[in-house]
Amino acid sequence: MSELVLKKLPAIEAVTADAWNALVGHDHPFLRHEFLHALEASGSVGAATGWEPRHLTLWRGEALVGAMPHYHKYHSYGEYVFDWNWADAWERAGGRYYPKGLTAIPFTPAPGPRLALAEGVDPLVARNLLASAWESGSLSSWHLLFAEREEVDSWLAARPTLVVRHGVQFQWQDRGYGDFAGFLAAMTSKRRKAIRRERRLVAEQGLTLHRLEGEAIGAEDLAHFYRCYEITYLERGRHGYLNLDFFQRLHRTLPEALVLVQARLEGRPVAAALCLQGSRTLYGRYWGSEVVADSLHFEACYYQGIEHCLARGLTRFDPGTQGEHKLSRGFAPHRLRSLHYLADPGLRAAVARFCDEEQRHVAAYSRIAEQALPFRA
């Protein structure tokens, strides 16, 4: 069997979609070639935006046998596991923190696989070879964000000195509810009444909700969604990370992954939430509204997603990062770990102390959050 060879790709288009997707499969839309290519081809990701692609690939001869998205980052925007304070401390000490190495999906805090290997490739050998890309280079650090539990464990087995950082998200899991009424039946009476009231308020304001999938999403629907998406960012004085070209490319190349929740008033769309779906999970990502309406965000971004999961047999709904208000709507705390390589021993020791202290607070917070769930005993 021929030796593994590591190659760094300056763009995802340097490898064919068929070769990349044969490794990553269909379960996780964000790792697919179409998603990563739409980011780069639209200009949302690239050197000009501080995300310089340096995808790490493993080859046996002409065959692609390992694939991992990787970027040289010149800032810490769009990551959702932020290290601004680490960068500031290192640069005040005279160091140079950027560019750093990052293995993550840009602007996407969704847990999923980050390294895909062909059958027969030794995972330990593969990780040792991949690690040489940052351990022998000039990068200050490497960061693995939102990887799945098994992958984090495998990296720690290969590199025990990696610093572990803990975090919490909120996710919905199907516990055999059957339908939305079954989901509500598992809750306390107080929360059942509150959710029914929220849904009723949306209807009383004259709003109707519609779910469109794949090719049923028209060009006008997508353009309206993007106006709403931009409103969310403009309210904070900036533009969104992603442009319309990105969403149009995604709609052309990966339509089966798209689910658009559209709110209409007198037949006219006024708000929208765009989700992506894999084979088991719905991911709630992008939202915006032209109107101010009581409880509309909860309906469009949470309850419609739960109904979609129950209708399509999806077992998990990841509605995005942050938001304690998700707890009372049935989204349970989900512990996450990120991994961090810091080249300088002193910086590594300081970051490790910080992460150890932070982990204790995260653990306590997660326990308290678990107790706040609205389900009956």
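Our structure is the block above this text.
Residues numbered from 1 in each chain as written. Predicted model: local features only at pLDDT ≥ 70, side-chain atom pairs only at ≥ 80, totals over all residues. Heavy atoms only, no water.

Draft legend 1. Representation of the overall build of the chain within the structure. On a plain count of helices and strands, the chain comes out with 11 helices and 15 strands. A compact globule built from 377 residues should have a C-alpha radius of gyration of about 21 Å, and the chain, at 22 Å, falls within 12% of that. If one aligns the C-alpha atoms of the chain with their principal axes, the spans along those axes are about 60 × 45 × 45 Å. When burial is assessed residue by residue, the chain has 54% of its 377 residues classed as buried. Accessible surface computed for the chain: about 16700 Å², of which carbon and sulfur atoms make up 51%. Once the 44 positive and 43 negative side-chain charges of the chain are each reduced to a mean point, those two points are 6 Å apart. (Helix = DSSP H or I, 4+ residues; strand = E, 2+ residues; numbered from the N terminus. Rg over C-alpha atoms; globule rule 2.2 N^0.38 Å. Buried < 20%, exposed > 50% of the residue type's maximum accessible area, 1.4 Å probe, protein only. Areas by Shrake-Rupley, 256 points an atom, 1.4 Å probe, with all protein chains shown as cover. Lys, Arg positive; Asp, Glu negative; His and termini not counted. Charge placed at Lys NZ, Arg CZ, Asp CG, Glu CD.)

Draft legend 2. Quick look at the pairing of strand β15 (residues 332-342). Counting buried residues along β15, eight of its 11 residues qualify, which places the element largely inside the surrounding structure. Inspection of the sheet shows strand β9 (residues 163-173) paired to β15 by nine bridges, in the antiparallel sense. Residue pairing across strands places Q171 opposite A332, the latter belonging to β15. (Pairing = 2+ DSSP bridges.)

Draft legend 3. Broad picture of the sheet that holds strand β6 (residues 100-103). Overall, mixed pairing links the 11 strands, which are arranged β2-β5-β6-β8-β15-β9-β14-β13-β12-β11-β10 in an open sheet. Lying at the two open borders of the sheet, with one neighbouring strand each, are β2 (51-53) and β10 (207-213). Ignoring strand direction, the axes of neighbouring strands in this sheet form an average angle of 30 degrees. Pairing of β6 with strand β8 (residues 141-144) involves three bridges; the strand directions are parallel. From the neighbouring strand, L102 faces β8, where its bridge partner is H143. (Axes fitted to C-alpha atoms, helices over the stretch in contact; angles between N-to-C directions.)

Draft legend 4. Region of interest: the sheet that holds strand β1 (residues 5-9). Here four strands make up an open sheet; going across it, the order is β1-β3-β4-β7 and the pairing antiparallel. The sheet is open, and its two edges are formed by β1 and β7 (116-117), each paired on a single side. Bridge count between strand β3 (residues 55-60) and strand β4 (residues 63-68): five bridges; the pairing is antiparallel. Of the residues in β4, the one forming a bridge with W59 is L64.

Draft legend 5. Layout of the side chain of D221. Mapped onto the secondary structure, D221 falls in helix α8 (residues 219-234). As a buried residue without a salt bridge, D221 has its nearest oppositely charged side chain in R264, at a separation of 5.3 Å. In contact with D221, not counting residues within four places along its chain, are L212, A216, L260 and Q262. (Salt bridge = Lys/Arg side-chain N within 4 Å of Asp/Glu carboxyl O. Contact = heavy atoms within 4.5 Å.)

Draft legend 6. Spatial organisation of the side chain of T103. Structurally, T103 can be placed in strand β6. When its relative accessible area of 0% is taken as the criterion, T103 is described as buried. A polar side-chain atom of T103 sits 3.4 Å from the main-chain carbonyl oxygen of P69. Of note is the side chain of T103, whose polar atom sits 3.0 Å from the side chain of W142. The contact partners of T103, leaving out residues within four places of it in the chain, are M68, P69, H70, R114, W142, H143, L144 and L145. (Polar contact = N/O pair within 3.5 Å; in protein donor to acceptor, adjacent residues only side chain to side chain.)

Draft legend 7. Spatial organisation of empty space enclosed by the protein. In total, this model carries two cavities of 30 Å³ or more according to the counting rule given. Of the voids in this model, the largest cavity is the one considered here, and its volume is about 50 Å³. Lining the largest cavity are H28, F30, L31, I105, A110, P111, G112, P113, R114 and Y283. Size it by volume and the second largest cavity reaches roughly 40 Å³. Lining the second largest cavity are 13 residues, with G78, E79, A104, I105 and F107 positioned closest to its centre. For the lining of the second largest cavity, a count of residues per class yields 10 nonpolar, two polar and one charged. (1 Å grid on protein atoms, 1.4 Å probe; cavity = no way out; pocket = protein on both sides within 12 Å on 5 of 7 lines; lining within 4 Å. Points joined across faces, edges and corners; volume = space filled by probe spheres on them. Nonpolar A, V, L, I, M, F, W, Y, C, P; charged D, E, K, R; others polar.)

Geometric values such as these leave the question of function open.
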